[in-house]
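# Structure assessment
Chain residues, written in single-letter form:
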Amino acid sequence: MDHTEHLIVGGGISGLAYADWLNTSDYLICEADTDVGGYCKTVTQDGFVWDYSGHFFHFRHPEIERYLIERMGDQRVLKVARQSRIYFGETLIDFPFQKNIHQLPREDFIDCLVDLYFKDDGPSSNFQNMLYAKFGKSIADKFLIPYNQKLYATELDRLDANAMGRFFPYANIDEIIRNFRTPDNASYNATFTYPEGGAIQYVRALQKEIPGSQISLSERVLSIDLTRRQARTNKRSLSFTHLVSTMPFHRLLRMCSLDGRLLDHDPRIYSYNQVQIFNLGFDAKGWTNAHWIYFPQEELPFYRVGFYDNIFGTDRMSLYVEIGRPADFSTDAQATASTLDSVLSALRHCGIVTDQNMISHHHVVLDPAYVHITQASLGDVAEKKALLDAHGVHSIGRYGSWTYCSIEDNIVEARALADELGKP
Ligand SMILES: Cc1cc2nc3c(=O)[nH]c(=O)nc-3n(C[C@H](O)[C@H](O)[C@H](O)COP(=O)(O)OP(=O)(O)OC[C@H]3O[C@@H](n4cnc5c(N)ncnc54)[C@H](O)[C@@H]3O)c2cc1C
């Protein structure tokens, strides 16, 4: 049986960042797919460059951004001031909604302002309560709740109050009222960077110094014996000193055994949504005043539509359309074609598609996409991670840590683990 010091499961951002940072060459990446990149893959088709939905990058550690960009050769990377809007009753208002209620029609504005002022701001036991407590009934009911329900494809009272962590744009009354006169819509993604070749450029940068012989594509890890520190894949059995898994945590739990028995866990704790994405290319330009737009309306299928062409100023409309789906969603070619028809009709209804012709399209489903962070998931992930750690199995990444995070967070987490496990 082959042995490797570090067996890395998954060649997405997290797995590659871990391998790239190790101080030893004794590692192997097993990647189930035919290429690395995970959710940061890019599709180039008919002159359009599309990611697996909108992937934009907000770096808080300039040294990480520099590290990546230095490895990209002459790739053009833009820094862009975000233009994000909300489609509301056939007008567009600036994001975040809660700071721009003054842009709403007069009656909606009064509702939001009065409810904001008289809100009952107490401790919140879940995400839905938090929205009512922090922003009042009207801001919650007109945007925050319907939008997030579409995104997460679940009732929001199931989620932890802090389910979105730093990615939720909080604002207090003072900040909201100040914003009426002096706009300051800064949030974690007020600016973003984007390489001309798409998100895969970040992947290629991390992959640059990893020898091809240490990445085994189309090799899926199927089971892990914690007692013997052995993994079985669709190609072979491997023994390891450390196994670093970036696969979704609930799937890791399902494949681990200890002393000959599968790990005991409650699968109901691990709920999540899927995101169905349509990338659409047209023969002519469309709207020029947004990078992406949020849609809270129940009658519209998508929760967000983005315009790649407005990042690089190209002359053909290039859209990504995101639809939140429950975890048990599955689709076939016929259903996908019919969803595409309803997406196009909704885009026409909103005035995004007028006389342009769609000349290219691509479809992908991210499964999972947004995990449902609950009190139960937080507790169980911490407990099970500690158990796995004790047997040399370390679960990292957005899905391995069952969290909401960015690719930069993935890199920080992977490097910290490589530093820890790489110590002599
Ligand atoms: C809709 C959406 C939009 C996003 N937008 C942004 C954004 O704008 N900016 C940003 O910074 N982040 C964004 N993210 C987050 C970003 O995509 C993730 O943080 C990042 O891609 C996670 O990388 P990862 O390596 O942890 O996981 P993944 O990308 O999921 O990689 C895991 C890899 O493991 C492989 N794998 C799984 N199981 C096995 C197995 N059994 N054996 C072998 N290999 C296996 C998979 O094939 C995959 O390649 C977004 C996420 C979503 C869902």
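### A few points about helix H1 (residues 13-21)
Burial runs high along H1: 7 of the 9 residues are buried. Those residues of H1 lying buried are Ile13, Ser14, Gly15, Leu16, Ala17, Tyr18 and Ala19. Close packing links the buried residues of H1 with strand E1 (2-9), strand E2 (27-31), helix H6 (200-207), strand E12 (237-245) and helix H11 (407-421).

### Looking at unusual backbone geometry
In this chain, Phe95 is followed by Pro96 through a cis amide linkage whose omega measures 0°. Relative to the elements of secondary structure, Pro96 occurs in the loop between strand E7 (91-94) and helix H3 (106-117). In this chain, Asp367 is followed by Pro368 through a cis amide linkage whose omega measures 0°. Relative to the elements of secondary structure, Pro368 occurs in the loop between strand E19 (358-366) and helix H10 (375-389). You will see that Ser218, though not glycine, has its phi angle at about 55°, which is positive. The topology assignment puts Ser218 in the loop between strand E9 (215-217) and strand E10 (221-225). Phi is positive for Asp259, which is not a glycine, with a value near 50°. Along the chain, Asp259 falls in the loop between strand E13 (256-258) and strand E14 (261-262). Under the C-beta neighbour-count criterion, Asp259 is labelled exposed, with 7 such atoms within 10 Å.

### Details of the site of the ligand
Lining the immediate environment of the ligand, one finds 33 residues, of which Gly10, Gly12, Gly38, Gly397 and Ser406 sit closest. Where the shell around the ligand is concerned, the elements lending two or more residues are H1, E2 and H11. Per-element tally for the shell around the ligand: the top contributor is H1, with 3 residues. Partitioned by chemical class, the residues of the shell around the ligand number 16 nonpolar, 13 polar and 4 charged.

### Observations regarding the sheet that holds E19
Taken in spatial order, the 7 strands line up as E7-E6-E16-E17-E18-E15-E19 in an open sheet, and their pairing is mixed. Each having just a single partner strand, E7 and E19 make up the two edges of the open sheet. If you compare each strand with its neighbour and ignore which way they point, the axes differ by 25° on average. One ladder, built from 4 bridges, connects strand E17 (residues 304-307) with strand E18 (residues 318-326); its direction is antiparallel.

### Some thoughts on the packing of H1 against H6
Where H1 meets H6, the closest approach of the two axes is 9 Å, and the angle between their N-to-C directions is 25°. Relative to H6, the element H1 lies roughly parallel. The hand of the H1/H6 crossing is left-handed. Facing Ile13, Leu16, Ala17 and Asp20 of H1, the residues of H6 in contact are Tyr202, Val203, Leu206 and Gln207.

### Comments concerning the pairing of E12
Taken together, the 7 bridges between E1 and E12 define a ladder with parallel strand orientation. In the sheet register, Thr4 faces E12, and the bridge partner there is Phe240. Here strand E11 (residues 230-233) pairs with E12 via 3 bridges, running antiparallel. Bridge assignment links Arg232 to a residue of E12, and that residue is Ser237. By the bridge criterion, 3 bridges tie E12 to strand E20 (residues 393-395) in an arrangement that is parallel. When the sheet's bridge partners are listed, Ser245 is paired in E20 with Ser395.

### Here's the deal with the environment of Tyr132
Here Tyr132 lies in helix H4 (residues 127-152). Remark: the alpha-carbon pair of Tyr132 and Leu116, spanning 16 residues in sequence, is separated by 9.0 Å. Here Tyr132 is in contact with Lys137 and Ala140, once residues within four sequence places are set aside.

Each value, and the rule that gives it
- Residues numbered from 1 in each chain as written.
- Predicted model: local features only at pLDDT ≥ 70, side-chain atom pairs only at ≥ 80, totals over all residues.
- Buried ≥ 20, exposed ≤ 12 C-beta atoms within 10 Å, placed from the backbone.
- Helix = DSSP H or I, 4+ residues; strand = E, 2+ residues; numbered from the N terminus.
- Contact = placed C-beta atoms within 7 Å.
- Near = placed C-beta within 6 Å.
- Nonpolar A, V, L, I, M, F, W, Y, C, P; charged D, E, K, R; others polar.
- Pairing = 2+ DSSP bridges.
- Axes fitted to C-alpha atoms, helices over the stretch in contact; angles between N-to-C directions.
- Parallel < 35°, antiparallel > 145°, perpendicular 65-115°, else oblique.
- Left-handed = near helix turned anticlockwise from the far one by under 90°.

Functional significance is not addressed by these values, which are geometric in nature.
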